[in-house]
Amino acid sequence: MPGDREAGNSVTPSGLLAIFAHPDDESFGAGGVMALAAAAGNPVWVLCATNGDQGGKPGEVGVDHSLDPEIRREELACACRELGVSEPIFLGYRDSGMEGWGAPEGSLSLADKQEVVERILAVIRRLHPAVIVTFDPGGVYGHPDHTACSDTATAAYRVAAAEPGGPVALYHQALPRSTVAGMQAMQEAERRRGDDKPPTEDDIRQAEAFIKLARPDEEITTVVPILSVAERKIAALACHDSQMRGRRWDDPEERAQMEQMFGRETFVRVDPAPQPGEREDRFMGLKWADS
Ligand SMILES: [Zn+2]
């Protein structure tokens with residue numbers, strides 16, 4: 001409640017705030033965890049830093065990638081409904097586009113870092129989440145908005161966690177090398193079947209970045225089984241129609257592959273720092289259905 005802090009009242013933080021860069025990042029990286037947390041009765045919010053307005057015509061270099069921001073904002077609202085979480089909150093920065101495209105004015109990667117941290121902090125102080133999840137510092141594949149989002153959300157968490165009623169845990173969404181190897185084998189198989197377009201320059205650069213920035217498996221602290229909500233995650237991903245590059249959700253083989261890939265989500269617990277070798281299968285600080 002506004003004013004609680006000033007009045008010295010203690011606020012008990014609760015729920016999960018997912019802070020990502022573009023509409024669709026939330027569903028790919030943490031859609032299962034969000035759906036599980038919401039189903040167990042935790043409040044769950046998505047804070048999206050950009051409008052994803054450079055998400056058009058994936059893979060083509062030297063063309064206009066701009067997309068009506070309303071399209072992607074609506075896609076994210078659709079995904080939130082499928083995941084059973086609150087309406088999305090936007091910071092409204094412009095999408096920086098992929099590396100080498102030239103970030104437009106007003107984009108997240110060009111924004112003043114302190115300003116972004118302050119704006120994220122304001123949301124944390126208003127919602128009082130117990131747990132925050134954002135990107136790994138490498139941003140999974142190094143997208144400039146992903147790394148900016150990880151940096152600023154992590155900095156905002158550090159400030160908020162030291163305040164009364166502040167969050168108690170921070171997770172970074174990260175892919176282990178074994179998952180990336182599996183993803184790339186799946187793409188390669190699609191290509192061999194001849195039903196996928198040949199990779200563009202951006203695709204190749206992205207695939208290399210995925211491998212380079214994947215975490216060694218032993219650094220992953222938190223592996224959450226999400227098969228029970230895989231349908232919700234797939235439905236949320238299907239909302240992001242402008243980004244799906246012709247995935248066929250009605251194809252049984254493709255669906256089976258997706259379900260296999262989406263059987264778990266992987267994270268590194270940043271705070272509280274894990275003990276050496278500590279592993280967990282859920283986020284701390286939230287209610288879970290079977291506990
Ligand atoms: Zn993204």
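Details of the structure are given in the entry above.
Report follows, based on the coordinates. Per chain, the residues get numbers from 1 upward, laid out in the order the sequence is written. pLDDT decides what is reported in this predicted model: residues at 70 or higher carry local features, side-chain atom pairs at 80 or more are listed and counted, and totals for whole chains, interfaces and linings draw on all residues regardless.

For the bond from Asp 271 to Pro 272, the omega torsion is -5°, close enough to zero to count as cis. Of note, Asp 24 is a non-glycine position whose phi angle comes to about 110°, a positive value. For His 128, which is not glycine, the phi dihedral falls at a positive 55°.

Put simply, DSSP H or I for four residues or longer makes a helix, DSSP E for two residues or longer makes a strand, and each gets a number counted from the N terminus. For Ala 103, the position within the fold is in the loop between β3 (89-93) and α4 (113-127). For the pair Ala 103 and Asp 145, spaced 42 residues apart in the sequence, the C-alpha separation amounts to 9.7 Å. Filtering out sequence-adjacent residues up to four positions away, Ala 103 remains in contact with Ser 96, Gly 97, Ser 109, Leu 110 and Pro 144. C-beta atoms are placed from the backbone for every residue, and two residues are taken to be in contact when these atoms lie within 7 Å.

One open sheet holds the seven strands; their spatial order is β3-β2-β1-β4-β5-β7-β6, and the pairing between them is mixed. Two strands lie at the open edges of the sheet, namely β3 and β6 (222-225), each paired on one side alone. Along the sheet, successive strands turn relative to each other by an average axial angle of 25°, direction set aside. In this description, strands pair whenever DSSP reports at least two bridges between them. Sheet topology places strand β1 (residues 16-20) next to strand β4 (residues 131-135); three bridges connect them, and they run parallel. For Ala 18, the partnering residue across the bridge sits in β4 and is Val 133. Axis geometry follows a simple rule: fit a line to the C-alpha atoms, using only the stretch in contact for helices, then measure angles between N-to-C directions, giving values from 0 to 180 degrees. Against the sheet, helix α2 (residues 25-39) engages β1, β2 (44-50), β4, β5 (169-173), β6 and β7 (264-271), with an angle of about 175° to β1.

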